[in-house]
Amino acid sequence: MPFLRRVELDWERLSASPAAARAYPFGIPAIRELNRLELDADVTFFIGANGSGKSTLLEAIGTACGFSIVGGRDLVIAKEKDDTSLADILRLSWMPKVSGGFFFRAETFDTFADYIDELAKDPSIGRQAYAPYEGRSLHERSHGQGFLTFFRNRLGRKGLYLLDEPESALSPQNQLSLLRILWEQVSSGQAQFVIATHSPILMAYPGARILRFDEDGIAPIAYEDTDHYRLTRDFLNDRERYFRALFAEDEEET
Ligand SMILES: Nc1ncnc2c1ncn2[C@@H]1O[C@H](COP(=O)(O)OP(=O)(O)OP(=O)(O)O)[C@@H](O)[C@H]1O
Ligand SMILES: [Mg+2]
């Protein structure tokens, strides 16, 4: 069962500032249209085009939960202190409330690995810093191996896990490994996942809720109706057809 059941946006808190409501992040179409989001599955996927607002909402949920961002906040563009943030207008409904979890952002994973290396240089911590990561620096592994080491060792505590494009360094085979990890965590009843992804493999997780972000807002969609599934299927079935269209000479120029 999910822990975080619902996310609501309290637009009243922005009404004093119509300019802010039009600007980033409130002006992103999918966010602008959003009043409430039901999270009714153990695994929820955020999908949609690049720039549709998935990371923005995921990060705001993470901030509202009080999670630190794996990779550090320093890469987030600094805001004026008294600006209302998206996280400030979120209302989270829990059943039951859990405090464990984190926000994993694939883009800044290297910064996180640097941070663990820095901790290890502190004489009072030393190599203990690597204890959760099988005893050595996350930099001493490939990008994808680092991701998997992180997931294998940092999940397990009862919590809400927000993952932004966790597939990005993973081979197809290791995307299957990640599905297995998700399944183990969900089966133990200890974990809820909200995952922004472009991976047709990952979003196939049985029983997951897929929420699609677009110009009209955020709405549930069946796996087989997603562009990710359809395009991948059609491409694999007949890639020559795609190449004929993609690599066609421009009529005017010939
Ligand atoms: N710090 C920022 N300042 C202004 N605009 C931003 C900022 N960060 C993101 N945006 C804009 O907000 C929109 C949503 O960005 P977001 O990163 O949430 O998209 P996304 O759905 O996660 O995309 P992707 O699939 O490429 O990761 C984009 O149009 C982007 O240009
Ligand atoms: Mg994103």
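Let me begin by describing the structure that accompanies this report. (Residues numbered from 1 in each chain as written. Chains lettered and ligands numbered in written order. Predicted model: local features only at pLDDT ≥ 70, side-chain atom pairs only at ≥ 80, totals over all residues. Heavy atoms only, no water.)

Moving on: the nonpolar core. Membership of the largest hydrophobic core comes to 36 residues, with the highest contact counts inside it found for Phe 45, Phe 104, Phe 150, Phe 151 and Phe 193. Broken down by secondary-structure element, the contributors of at least two residues to this core are strand E3 (43-48), strand E6 (101-105), helix H4 (109-121), helix H5 (143-154), strand E7 (159-164), helix H6 (172-187) and strand E8 (191-196). Ranked by size, the runner-up nonpolar core spans 34 residues in total, among them Phe 3, Ala 30, Leu 34 and Leu 57. (Core = buried A, V, L, I, M, F, W, Y, C linked by side-chain atoms within 4.5 Å. Buried < 20%, exposed > 50% of the residue type's maximum accessible area, 1.4 Å probe, protein only. Helix = DSSP H or I, 4+ residues; strand = E, 2+ residues; numbered from the N terminus.)

Moving on, we get to the sheet that holds strand E1 (residues 4-9). Taken in spatial order, the three strands line up as E2-E1-E5 in an open sheet, and their pairing is antiparallel. Two strands in the sheet have a free side with no partner beyond their single neighbour: strand E2 (36-38) and strand E5 (90-94). Pairs of neighbouring strands in the sheet enclose a mean axial angle of 15 degrees, with direction left out of account. Contacts between helix H3 (residues 54-65) and the sheet are confined to E1, E2 and E5, with E5 contributing the most and set at about 70 degrees to the helix. (Pairing = 2+ DSSP bridges. Axes fitted to C-alpha atoms, helices over the stretch in contact; angles between N-to-C directions. Contact = heavy atoms within 4.5 Å.)

Let us look at the pattern of salt bridges. By the definition in use, this model includes 13 salt bridges. Of the charged contacts, one joins Asp 10 and Arg 91 as a salt bridge, the two residues approaching to 3.6 Å between their closest N and O atoms. With a gap of 81 residues between them, Asp 10 in the loop between E1 and helix H1 (18-22) and Arg 91 in strand E5 connect regions that are remote in the sequence. Relative accessible area serves as the criterion here: at 18%, Asp 10 is assigned to the buried category. A salt bridge links Arg 36 to Glu 38, with the nearest nitrogen and oxygen atoms 2.8 Å apart. The exposure class assigned to Arg 36 is partly exposed, which follows from its relative accessible area of 44%. On the basis of relative accessibility, which here comes to 33%, the residue Glu 38 falls in the partly exposed class. When salt bridges with common partners are traced through the structure, they connect Arg 6, Glu 8, Arg 36 and Glu 38 into a single cluster. (Salt bridge = Lys/Arg side-chain N within 4 Å of Asp/Glu carboxyl O.)

Bringing the site of ligand 1 into the picture now. Residues in close proximity to ligand 1 total 13 residues, the closest being Gly 51, Lys 54, Ser 55, Thr 56 and His 198. One nitrogen or oxygen atom from the side chain of Tyr 24 is found 3.2 Å from a nitrogen atom belonging to ligand 1. Between an oxygen atom of ligand 1 and a side-chain N or O atom of Lys 54, the distance comes to 2.7 Å. Protein coverage of the free-state accessible area of ligand 1, which is 640 Å², stands at 61%. (Near = heavy atom within 4 Å. Polar contact = N/O pair within 3.5 Å; in protein donor to acceptor, adjacent residues only side chain to side chain. Areas by Shrake-Rupley, 256 points an atom, 1.4 Å probe, with all protein chains shown as cover.)

Most of E7 sits inside the fold, with six of its six residues counted as buried. On E7, burial covers both faces: Gly 159, Tyr 161 and Leu 163 on one face and Leu 160, Leu 162 and Asp 164 on the other are all buried. Pairing analysis gives five bridges linking E6 to E7, with the strands arranged parallel. Residue pairing for E7: Arg 105 is matched across the bridge by Asp 164. Judged from the six bridges that link them, E7 and E8 form a sheet pairing that is parallel. Bridging from a neighbouring strand, Leu 162 pairs with Val 194 of E8. Of the crossover connections in this fold, the one passing from E7 over H6 to the parallel E8 is right-handed. (Right-handed = clockwise from strand over helix to strand, strands pointing away.)

Right, let's get into H4. Spanning 13 residues, H4 covers 19 Å between terminal C-alpha atoms, matching the ideal 18 Å at 1.5 Å per step. Here H4 has its buried residues at Phe 109, Phe 112, Ala 113, Ile 116, Asp 117 and Ala 120. Taken end-on, H4 shows its buried residues confined to a sector of 145 degrees, consistent with a single buried face. (Expected span 1.5 Å × (residues − 1). Arc of directions from axis to C-beta.)

A word on the sheet that holds strand E9 (residues 209-214). In a beta sheet, neighbouring strands are held together by backbone hydrogen bonds and run either parallel or antiparallel to one another. Sheet architecture is open: seven strands sit in the order E4-E6-E7-E8-E3-E9-E10, paired in mixed fashion. In the strand order of this sheet, the two ends are held by strand E4 (69-70) and strand E10 (217-220), each with one partner. Packed on one face of the sheet, H6 meets E3 and E8 and runs near 145 degrees to E8.

Before going further, it helps to spend a moment on unusual backbone geometry. Omega for the bond connecting Tyr 24 with Pro 25 falls within 30 degrees of zero, at -5 degrees, which places this linkage in the cis form. Take Pro 25: it is sitting in the loop between H1 and helix H2 (29-32). Cis geometry is found at the peptide bond from Met 95 to Pro 96, where omega equals -5 degrees. Locating Pro 96 in the fold gives a position in the loop between E5 and E6. The phi torsion at Glu 134 lies on the positive side, around 60 degrees, for a residue other than glycine. With respect to the helices and strands, the residue Glu 134 is situated in the loop between H4 and H5. Here Glu 165, not a glycine, exhibits a phi torsion of approximately 50 degrees, which is positive. Inspection of the secondary structure assignment puts Glu 165 in the loop between E7 and H6. Residue class for Glu 165 comes out partly exposed when judged on its relative accessible area of 27%.

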